[in-house]
4 protein chains.
Amino acid sequence: MLKVAIIGASGYTGVELARILCNHPDITLTAATSRQYAGQALAQVFPNLRKKTNLICENLTTAELCARADFFFTAVPHKTAMDIVPHLLAAGKKVVDLSADFRLRNVAVYEEWYQKHSAADLLNEAVYGLPELYREQIRSSRLTANPGCYPTSIILALAPLLKAGVIDPRSIIADSKSGTSGAGRAAQVGSLFCEVTDGFRAYKVGGTHRHTPEIEQEINTFLHEPVRISFTPHLLPISRGILSTIYAQLKPEVQQNDITQLYEKMYSQEPFVRILPENTFPATQYVRGSNFCDVGFKIDTRTGRIIILSTIDNIVKGAAGQAVQNMNLMCGFTETAGLESAPFFP
Amino acid sequence: MLKVAIIGASGYTGVELARILCNHPDITLTAATSRQYAGQALAQVFPNLRKKTNLICENLTTAELCARADFFFTAVPHKTAMDIVPHLLAAGKKVVDLSADFRLRNVAVYEEWYQKHSAADLLNEAVYGLPELYREQIRSSRLTANPGCYPTSIILALAPLLKAGVIDPRSIIADSKSGTSGAGRAAQVGSLFCEVTDGFRAYKVGGTHRHTPEIEQEINTFLHEPVRISFTPHLLPISRGILSTIYAQLKPEVQQNDITQLYEKMYSQEPFVRILPENTFPATQYVRGSNFCDVGFKIDTRTGRIIILSTIDNIVKGAAGQAVQNMNLMCGFTETAGLESAPFFP
Amino acid sequence: MLKVAIIGASGYTGVELARILCNHPDITLTAATSRQYAGQALAQVFPNLRKKTNLICENLTTAELCARADFFFTAVPHKTAMDIVPHLLAAGKKVVDLSADFRLRNVAVYEEWYQKHSAADLLNEAVYGLPELYREQIRSSRLTANPGCYPTSIILALAPLLKAGVIDPRSIIADSKSGTSGAGRAAQVGSLFCEVTDGFRAYKVGGTHRHTPEIEQEINTFLHEPVRISFTPHLLPISRGILSTIYAQLKPEVQQNDITQLYEKMYSQEPFVRILPENTFPATQYVRGSNFCDVGFKIDTRTGRIIILSTIDNIVKGAAGQAVQNMNLMCGFTETAGLESAPFFP
Amino acid sequence: MLKVAIIGASGYTGVELARILCNHPDITLTAATSRQYAGQALAQVFPNLRKKTNLICENLTTAELCARADFFFTAVPHKTAMDIVPHLLAAGKKVVDLSADFRLRNVAVYEEWYQKHSAADLLNEAVYGLPELYREQIRSSRLTANPGCYPTSIILALAPLLKAGVIDPRSIIADSKSGTSGAGRAAQVGSLFCEVTDGFRAYKVGGTHRHTPEIEQEINTFLHEPVRISFTPHLLPISRGILSTIYAQLKPEVQQNDITQLYEKMYSQEPFVRILPENTFPATQYVRGSNFCDVGFKIDTRTGRIIILSTIDNIVKGAAGQAVQNMNLMCGFTETAGLESAPFFP
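Predicted model only: the values in this text are computed from it and were never measured. (Residues numbered from 1 in each chain as written. Chains lettered and ligands numbered in written order. Predicted model: local features only at pLDDT ≥ 70, side-chain atom pairs only at ≥ 80, totals over all residues.)

### Some remarks on the relation of the copies chain A and chain C
Rotating chain A by 180 degrees about the axis while translating it 0.0 Å along that axis superimposes it on chain C, leaving an RMSD of 0.0 Å. Accordingly, the operation relating the two chain copies is best matched by a two-fold axis. Here 100% of the interface residues in chain A have copies in chain C that are interface residues too; the copies meet face to matching face. (Least-squares fit on C-alpha atoms with pLDDT ≥ 70 in both. Contact = placed C-beta atoms within 7 Å.)

### Examining the relation of the copies chain B and chain A
For the pair chain B and chain A, the relating rotation is 180 degrees, the translation along its axis is 0.0 Å, and the fit reaches an RMSD of 0.0 Å. Same-surface contact between copies: 100% of interface residues of chain B are shared with the interface of chain A.

### Quick notes on the domain arrangement of chain A
Residue and element names in this part refer to chain A. The domain boundaries assigned to chain A delineate domain 1 (2-125) and domain 2 (150-314). Domain 1 puts 9 residues into the contact, and the matching count from domain 2 is 7 residues. When grouped by side-chain class, the residues that make up the side of domain 1 that touches domain 2 number 6 nonpolar, 1 polar and 2 charged. (Domains from an automatic or database assignment. Nonpolar A, V, L, I, M, F, W, Y, C, P; charged D, E, K, R; others polar.)

### With respect to the nonpolar core
Counting residues in hydrophobic clusters, the biggest one holds 445 residues, and the most contacted among them are Ala18 of chain A, Ala18 of chain B, Ala18 and Leu42 of chain C together with Ala18, Ala32 and Leu42 of chain D. Those residues in contact with Ala32 of chain D that sit more than four places away from it in its chain are Ala5, Ile6, Ala9, Ala18, Leu42, Leu55 and Cys57 of chain D. (Core = buried A, V, L, I, M, F, W, Y, C linked by C-beta atoms within 7 Å. Buried ≥ 20, exposed ≤ 12 C-beta atoms within 10 Å, placed from the backbone.)

### Description of helix 1 (residues 12-21) of chain A
Here helix 1 of chain A lies mainly inside the structure; 10 of its 10 residues are buried. Among all positions of helix 1 of chain A, only Tyr12, Thr13, Gly14, Val15, Glu16, Leu17, Ala18, Arg19, Ile20 and Leu21 of chain A are buried. Against the buried residues of helix 1 of chain A lie strand 1 (2-7), strand 2 (27-33), helix 2 (42-45), strand 4 (71-74) and helix 11 (316-331) of chain A together with helix 8 (193-196) of chain C. (Helix = DSSP H or I, 4+ residues; strand = E, 2+ residues; numbered from the N terminus.)

### A look at the interface of chain A and chain C
Listed per partner, the contact involves 15 residues of chain A and 15 residues of chain C. In terms of residues, the side of chain A that touches chain C owes the most to one element, helix 8 (residues 193-196) of chain A, which gives 3 residues. When the residues that make up the side of chain A that touches chain C are grouped by side-chain class, the tally is 7 nonpolar, 6 polar and 2 charged.

### Points about the environment of Ala67 of chain C
Considering the arrangement of structural elements, one finds Ala67 of chain C in helix 3 (residues 62-68). For the pair Ala67 of chain C and Ala91 of chain C, spaced 24 residues apart in sequence, the C-alpha to C-alpha distance is 9.5 Å.

### Details of the sheet that holds strand 13 (residues 293-300) of chain D
All names here are of chain D. Strand order in the open sheet made by the 7 strands is 9-10-8-11-14-13-12, with mixed pairing throughout. Edge positions in the open sheet fall to strand 9 (201-202) and strand 12 (273-275), since each of these has one partner strand only. Both strand 8 (residues 167-178) and strand 11 (residues 242-250) contribute to a ladder of 8 bridges, which runs antiparallel. Bridged to Asp175 within strand 11 is Thr245. (Pairing = 2+ DSSP bridges.)

Listed below in structure tokens is the structure:
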């Protein structure tokens, strides 16, 4: 049994990692760190985990952590991650980092959108952890940068169309909506129940959200000439779920059937991507609690645009679940281990 | 006191009309029709109205109705409205019709998207009831076609920009999200609490929603050459509220300040439109229960697009409230009468 | 026009006071205090109030406040209230205090459940602001202690039965459920959207909630021998609304009709209490946004108990609305002024 | 692999059975019946099940069903169940019935609360499927009557106290709150999103809910003299979850510690009951999606009452999960097979 630790267990991503890992057949969870809750049982902080784990939250040094586990999930804020990860790698450990610190391959872009990078030498080594695009690299990686939630939903939806060159990439507009768990567990007025429930709003409007360069990086891998896209995130009064509505100008003569074949070709063997039948569209409630990404689309012949809809559970396929999928690949486990649960509905 | 009747009082628009009208200073509610609930007190069907109205739901003929009131709100499905309205007008009554039957000026377009029109002669006379655009015509109208909820949110957001010619109209994409009251009060599985809550989905994807031609009709009044736009409606797990996120390619050189001035010029004297300050964006929870339309915007200099965000309460400014605003204009009342309540938050 | 100030305008009670008062026909809102938001427009803090008020949040001394208004709502935490109120009264002002500081007539009880009282001499003068029980005293009061939200819902439900002696007071159990706005606007993890939504829990179980002595004080005014009751509050995943389910052993031979008559006798002329017909029960969504208290009941002949159900909007009849009702009485305004809006549904 | 069929797969209990069973290690799902959706893929009716099951909904006769499976879950309404179950048993099959038809041992009580019973001879044979009370009988049963959701939450909470005789059974009041999935998937106005969300109400007030006799039957197994209890169900604006708040007069001298020991003694080895530490209380969001029942309590020394709080997921431990637990017992599988998932939070 592989010994696994979660660094940063007290956020929503941390508890979801624990929830998935406590039933994983090939690993043992040996440590969970939290400065805030050090000394408390993880199941006291998150009572859903009672009887599922006896882990105590600890405040451990990197050296102590290295003595406790061989595989690490770093579920800490960006900037903190880049301080920890190099030490873990130096000790011969494997890491899935769930922060943004190792997602952007270009350090200049990272530093424009975030801050100075103190481990820039790792950016080339880190593999972008989207198994549907980088499965083989992930298998042999010791550092996987787990994708952002919004980028996962958008890139999976666009990849087959970009690869085939059937859309005009400059026309891409991604209008995305996320559940509130994406805002994290920090105590702030804007995330209070009464501020969010029975309401809806956009935020980071006008190309200012930090997932924008991440989305563009992956889109541009398919293109000769880099493009910029429009991305607008919104806050949904739900806990879990992202739905991205993506617009793009379709090349002339491309038909419904052509598009279906492109999706099928790329994803029919994928365990976690579900392409929906014609005139069927995804809904966040059908992927809730699972690692699935559902994709549907429609060609609007009146305007020549294609509208693609894609949904994930933002803390599963958009965070903890994809991280476990990456661990499975990196460690030679069955790719779906620990991730077989069907979405729950209602 | 003007005698007013609601035809079709048992839907969410009907009860909202009753809620607003029971406190209106210039009118008396004299009849409310409902086939389904005939004989029951309206306050029994909608217990929020207890102690606010003693009206009994009735199943009345047009002739009986004409004897009971001088002003009518027809809150019935399209097709039904076109059967009733001509009789009311013939009897010398004034009408605000909340269905789609008199919104489209071109009968061919109506018949393409809906069905055969049996009162097409009234289409030219009917005034599109968006006071911000057609106030003077509404004042002298005897038949006002109350706009659809989505079109209200989209047209108000775009009108100043289209008028000034600062955006490329062919690039318009309206990604709209509506609360579930927009689906009406019909007992159907898709509207059940467990199907909607904690979830999110698009519907009528790809330019197939019937509000599309209504939006295009009003957009095209500003243009020399008609355009088609992309419009995608989504279903929010909230009761009330629409937020439209609208994308358009901005003409070069247009600045934040230019746009602000266009909005201010058109709307600064409007009682129910609120233009938000720079970098402030609307949220449905700030217009809830009110007749306000809030509009904010942001220029994305990376892509050259403007993103406009607009919110209304879909059953107030998007239906019953705007209908009362129209009645106020048609009857010479203060335009804001009955509509002064501030939005409630939280 | 009476000049009115809100001390503590940045909580949910404060914004609701502002929402109601901005449409009140007899007053002008002249000041709103907030330490946290001093210098910001109240409508910036609470965007629902845009175009409804131009007030700026200020951090004012009591002396400055006295120069600005003649009537005060103190919507500050207990302990803070007792420091401010004596100064306002000394300056000849009238006050409705929305904290708990002046609700308990017995200083020993106050100090047992809260802390040392620094203005205990005012406890006898302060009138418990439940108009249905103390209307005449409120009219002539200069200090009204606005009741707690839970007590309002429970006392109104029980008063007619206690007065008539038809229930065993020792058997009273009040199982109450409140919307999350009752927890206030403080940024704390337990009030986050993701912690509350799609969930339900009890808190302060076992007679430990501070509203317990307040409920008992008012119950005991009807009794020769004081009793203690069971009260359990719960947290609902809704913004507004309290429903109390109250159980009591009924005296033998008392019939449905007897109870109905007791309620009708006490409340039929009350503007804000609605007694529901037999076999009809209240729901929080039918009082939302209004000052109504709805009461229904059922006799369970199998067990000899009566079950009474009572609902209010916790920030209207349970806080700001009742406070305005009290102001109306204290100032000789129409009792319902500013409070006529019908509950909104859906 | 045991061949298993779900009779009545199109309700919320049916889809939850399918969700659990599609990952069960010891069985194969071989048939799912639905009159309404016959011919459609189950994963088309419930898109959460895409890629998890290929089952087609069918309208099968009992004979056809018997050829297809050896174990049956009947998830049909009461009355329908009693028509089907005898045929399955006669064919040598084992059955877990999720309706109310075989829960009440006394046919007279059944007929008083429901209707005439056509298979009354099976009432004595049927085992009440609460494994914590009847594990051994269930193991050898061929017909298990799966308990109601409310009774499960109430009986598990009370059993240790009744067994030990530490409470006065005549004083029991169970105030229960359930998520809306409990109302089923029928298209009815009262279950619409807009009628339920942001609201709360009681229903079947005054001892009229059909779970009352079921609760009393099980309570009375611990008593010499039968009692009647008060039970009030309420409708929560959540999908899944029941919380029961139970009040009872405690025998003098009984302490916190005594109660804790009674719970520990009865439940410490139970896989699905979690007794919470002192001053910790359950919440529905911590059992969501799992088969756990969480129980906490508090002694109110002011009134001499104990307040017990108990939560389950109403469609897991309250329906489908408990049914699978019963199947596991009846078939000699590991009792927790298929039910190991941790509750998901948030």
